[in-house]
Amino acid sequence: MEHLSLLLLFLSMGVSHARVVSVSPVPLLRVEGQPVSLRCDVTDYEGPREQDFDWTMQQGGAGSIQVISTFDPKYSDVSLSDRVASGDLSVVRLGDSVVELRIQEVRSSDSATYLCSTPSTDSVISGNYDAVVTLKVIANTLKVAPEAPEPVVPEGGDITLSSNVTRHFTDPTYLSVTWSLRRPGIPMVDILTVGPDGGVVTGSGSSQRYADGGLRLAIRRDGAFGLVVAGVTQADAGMYVCTGREWIHEEGGQWKNIVEKTVEMGAVAVTPTARSLSVVAKSNTTLNMDDTLTLTCLVSAGNLASLALEVTWLVDGRTAVSLGRDGVVSNGSPSVGLERTGPGEFRLVVRGVRGSDKGMYSCRVRAWVGGGGGRWYQAAEKTSNPVQVLVTQIKPNFAVTLTPSSTPQVTGDPTELACHVTNITHFLAGGRLGVAWEYTPLPGPPGDRLTTTQTTLPIGSLDAHGNLKSGTLYRDRLESGAIVLTRVEPDTFKLRFLRTQEVDMGAYACSVTAWTPSRQGGMEEAAEFLTPPLTVRWEPKRPSLTAVAQRVREAVAGGSTFEMSCTISHVHLQDPGYSVLVQTQESVDSATRTVISLSPDSVLQHGGATDPNRRDSLVLTKTGPAEFRFRLAGVQQADRGFYWCDITAWTKQPGQAWTKAVSAKSNKVQINFQETGPSFAVAIRSDTTTLYPWETAKMVCALSVSGASPKSDDLSYEVRWYLTRLRGGNKGTLLASVDRFGLVKKEARNASSDVSLERTDTHAYALNIHATQDSDSGEYHCQATPWYLSASTGAWTHGAELTSTRVFLTVRFPMWDSLKLPLLYGSVASVSVGLFSLLLGFICAHCCCRNTTHTPRSCNKLMDLEMD
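Residues numbered from 1 in each chain as written. Predicted model: local features only at pLDDT ≥ 70, side-chain atom pairs only at ≥ 80, totals over all residues. Heavy atoms only, no water.

As recorded in an unreviewed UniProt entry, the chain goes by the name Prostaglandin F2 receptor negative regulator-like, listed as coming from Salvelinus namaycush. In its Subcellular location (unreviewed entry) section, the UniProt record describing the chain reads: "Membrane". (UniProt positions renumbered as here; feature names shortened; annotations may be inferred.)

Spelled out as structure tokens, the structure:
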């Protein structure tokens, strides 16, 4: 079993490395005179990478002929040596193991079986070392016979391209035809191709045109190929070329072009429509009113049948009526029509002509060419010669008069002028009247340039439909209603000024226009009459103004309120508006400053003399039709001075801006007061003046204020406490202090006691001495500096420094309390030492001085003692 496995392994290795030489698997069919390439390659070989190839050929039963070799340059047969030398036969190496046998112009004698072989470089002979391919060469029978197209085609016409492509059918070959267009300076572009399988392939720029029907195939019964190019443009002009090709169907479904032939069909020129388009209008006409006008427009072009025409009749350059290329009439009416009466002939009919129908008539024609797919483009446009049409008519006649209905006596009075139309004749039914008003200023004084140049200014007009058209200088007054133009009756018009100004003095005139219905449905001017000028003037009276200022509330001290009223009286003013400026100055010779102002529209503004922080204290109001009141709260020293009102009277027309009329100043009112300021006092009190050590002492520094007492938020103090050791001593030592912002500061102390400072109420500050000692005995006093917000200046001001009386604080010395502890400690120590001494003596006597050995007394001794 193991030997069988080894054998199969060796066999598989041998098979996998067997040499394979391959060429085309199917016979090749080619056309005489065309280039031919036979490919040969080798795979799965051993030895060097670059392999050599030998080509031989065999025809019928004859022997083989050596063609060419990559190894031996003298390998070729003698009969082929000339072709090899000329390059007609050659072998080209495409790679180490791939070559091609190339025949530049194949001959019918080249039909044979070709053998490609490779010398062995393998260690073991395995596989195949040659392969054969059959080449069949047929005669070139392809013929392309085109028909020349029309050399000149009008824009929008058709070009027909016909070509007959044939060949002798001896072998299964197929034909195709391609139409191309070549223009000067542009590469040849393919238009359409009918392939060997009958499929249609369009060029890169012809796909949409073919889909829209602009390119159509026309295959004739005799087998000729035909192509129709419809709706030609200038881009279609050029040389048309037809290319016929012969194909074979090789293995694998691939089509192979074996021969082709290209033939020029002929040059085609496209004539622009604008060159051949001609438009003529007929003819000049003079008509009476209500006659019928008939004009004809004649259109001719080289390709008229393929054009879509858009015809428009113009009257003095304006469009009257149009006929679209789809046959739809625009701007027509029952009395105005446009119709097509024949090829290139269009007729305009106007029934019941009016005076507005006169003018220069011309016919404008736009020629459109269809581009396929419903798309059109304009190829040309041309306008005919103008035709003059005259209409005789009788103009309306009437008389116009201008009369004043109301004249002003003074400036500001209303003015009304009436324009009457009388004796109207020859006025057609449906006619209307319009009016225009004019104004001419009065001449100026001698030497003034206005006396020589007086310009008439339009005020406004009403047209036939009653629409108002305003003059440039009077537009604002007309839109606001200050000037009114009305038509009170069919033949009466009025001009009214609600408030006449001095600039309105001058000469006025009205122009009445008669309007009759026009052909287009509107109105046309038929006649116009202008009235003589009517002068409107009066003796102007100058207005005057008086203002009186009165003190309503007196400012007696700083912080109080000052109030002043200003009363106005006027002459020769109608419904004026007032602007008020409250002004001040410190003295008669000082500069004037504006405090506050009020515009005619009641817009309040503060002047430069106003402190931004005090604007809430200033009030200026209108308390009556001609009375204003000014109030200044919390007056200060800087407010002292003279105050008055500067009044300006303004007049205003409806919808217009204010116009200054006259100004006046009132009398002056003075603010003058003396600043006294508040008065302060200080006192000191203590709960006790005698205490023992370690107790807490409390002393209060009380301040009082009299006079103009400020608010609690506008008052503050700086307080300092001092200690003097001896009675009647100097200022003493600073103990603690608090500034007006509430910041407490204590001085360094050597004693064991401590101090604290507190504010018990608005005007009281307390000093606490904690754990007093005998060193705290002495005289205590406080000093205070008041700070207050001055009502006169509006700034913080400090008052005079205040010093309180002195309080003597005594810290007593306690004798018994001072001695009881030392006596107690001494007694306890004495007793302790005595007891300790007794105990120590007892211990020593008992333990150290006692004789433990007993000696009996002898009798002899006793006797001796006794004897002694």
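Picking up after the structure, the text goes on.
Peer 1: Could you give an account of the side chain of Gln585, naming the residues involved and the relevant values?
Peer 2: For Gln585, the location among the structural elements is in strand β43 (residues 577–585). A distance of 3.3 Å separates the side chain of Gln585 from the backbone oxygen of Ser587, its partner in a polar contact. Side-chain polar atoms of Gln585 contact the side chain of Lys668, separated by 2.5 Å. Those residues within four positions of Gln585 in sequence are excluded, and the remaining contacts are Ser590, Ala591, Thr592, Gly641, Phe642, Trp644 and Lys668. (Helix = DSSP H or I, 4+ residues; strand = E, 2+ residues; numbered from the N terminus. Polar contact = N/O pair within 3.5 Å; in protein donor to acceptor, adjacent residues only side chain to side chain. Contact = heavy atoms within 4.5 Å.)

Peer 1: Lay out the environment of Arg19 with the relevant residues and their values.
Peer 2: Relative to the elements of secondary structure, Arg19 occurs in the loop between α1 (2–16) and β1 (20–22). Assessed through its relative accessible area of 0%, Arg19 is described here as buried. Once the C-alpha coordinates of Arg19 and Glu46 are considered, the two residues, 27 residues apart in sequence, prove to be 8.0 Å apart. A distance of 2.9 Å separates polar atoms of two side chains, one belonging to Arg19 and the other to Thr121. A polar contact is formed between the side chain of Arg19 and the side chain of Asp122, at a distance of 3.0 Å. (Buried < 20%, exposed > 50% of the residue type's maximum accessible area, 1.4 Å probe, protein only.)

Peer 1: Could you give an account of the nonpolar core, with specific residues and numbers?
Peer 2: One finds Trp313 and Leu348 to be the most contacted residues of the largest nonpolar core, which totals 31 residues. Contributions of two or more residues to this core are made by β20 (278–282), β22 (293–300), β23 (308–315), β24 (318–323), β26 (336–342), β27 (345–350), β28 (359–372) and β30 (387–392). (Core = buried A, V, L, I, M, F, W, Y, C linked by side-chain atoms within 4.5 Å.)

Peer 1: Describe a nonpolar patch on the surface, naming the residues involved and giving the relevant values.
Peer 2: A surface patch of nonpolar side chains, about 310 Å² in accessible area, is lined by Val200, Tyr210, Leu217 and Ile219. Within the secondary structure, Tyr210 sits in helix α3 (residues 207–211). Residue Tyr210 is classed as partly exposed on the basis of its relative accessible area, which comes to 33%. (Patch = residues over 30% accessible without salt bridge, like charges linked within 9 Å, V, L, I, M, F, W, Y side chains within 5 Å. Areas by Shrake-Rupley, 256 points an atom, 1.4 Å probe, with all protein chains shown as cover. Salt bridge = Lys/Arg side-chain N within 4 Å of Asp/Glu carboxyl O.)

Peer 1: Give me the lowdown on the state of the cysteines, citing residues and values where you can.
Peer 2: The final tally for this structure, using the stated rule, is five disulfides. Covalently, Cys40 is tied to Cys116 through a disulfide, its sulfur atoms 2.0 Å apart. Between Cys40 and Cys116 the disulfide shows an S-S torsion of about -85 degrees. By sign, it is left-handed. In this pair, Cys40 is assigned in strand β3 (residues 36–43) and Cys116 in strand β8 (residues 112–117), connecting sequence segments 76 residues apart. Here Cys40 falls in the buried class, since its relative accessible area comes to 0%. Between the sulfur atoms of Cys419 and its disulfide mate Cys510 the distance is 2.0 Å. The disulfide joining Cys419 to Cys510 has a torsion of about 65 degrees about its S-S bond and is therefore right-handed. With Cys419 in strand β32 (residues 415–425) and Cys510 in strand β38 (residues 506–517), this pair connects stretches of sequence that are 91 residues apart. Considered together, Cys419 and Cys510 belong to a single accessibility category, that of buried residues. Numbered by order of appearance in the sequence, the disulfide-linked cysteines of the chain pair as 1-2, 3-4, 5-6, 7-8, 9-10. (Disulfide = S-S within 2.5 Å.)

Peer 1: Which residues make up the confidence of the model for the chain, and what values go with them?
Peer 2: Residue-level pLDDT values for the chain average 84, and 91% of them are 70 or greater. Here residues 1–16 is a poorly scored stretch, pLDDT under 50, and it has two contacts once near neighbours within four places are set aside; other chains count. Long-range and interchain partners of residues 857–868, a stretch whose pLDDT sits below 50, account for one contact in this model, where long-range means more than four residues apart. (pLDDT = per-residue confidence, 0-100.)

Peer 1: Break down the UniProt feature "domain: Ig-like" (unreviewed entry) in the chain for me, with residues and values.
Peer 2: Using the residue numbers shown here, the UniProt feature "domain: Ig-like" (unreviewed entry) corresponds to residues 32–126, 146–243, 272–365, 396–530, 543–663 and 678–803. Annotated as residues 32–126, this span is 6% helix and 39% strand, and its ends, taken at the C-alpha atoms, are 39 Å apart.

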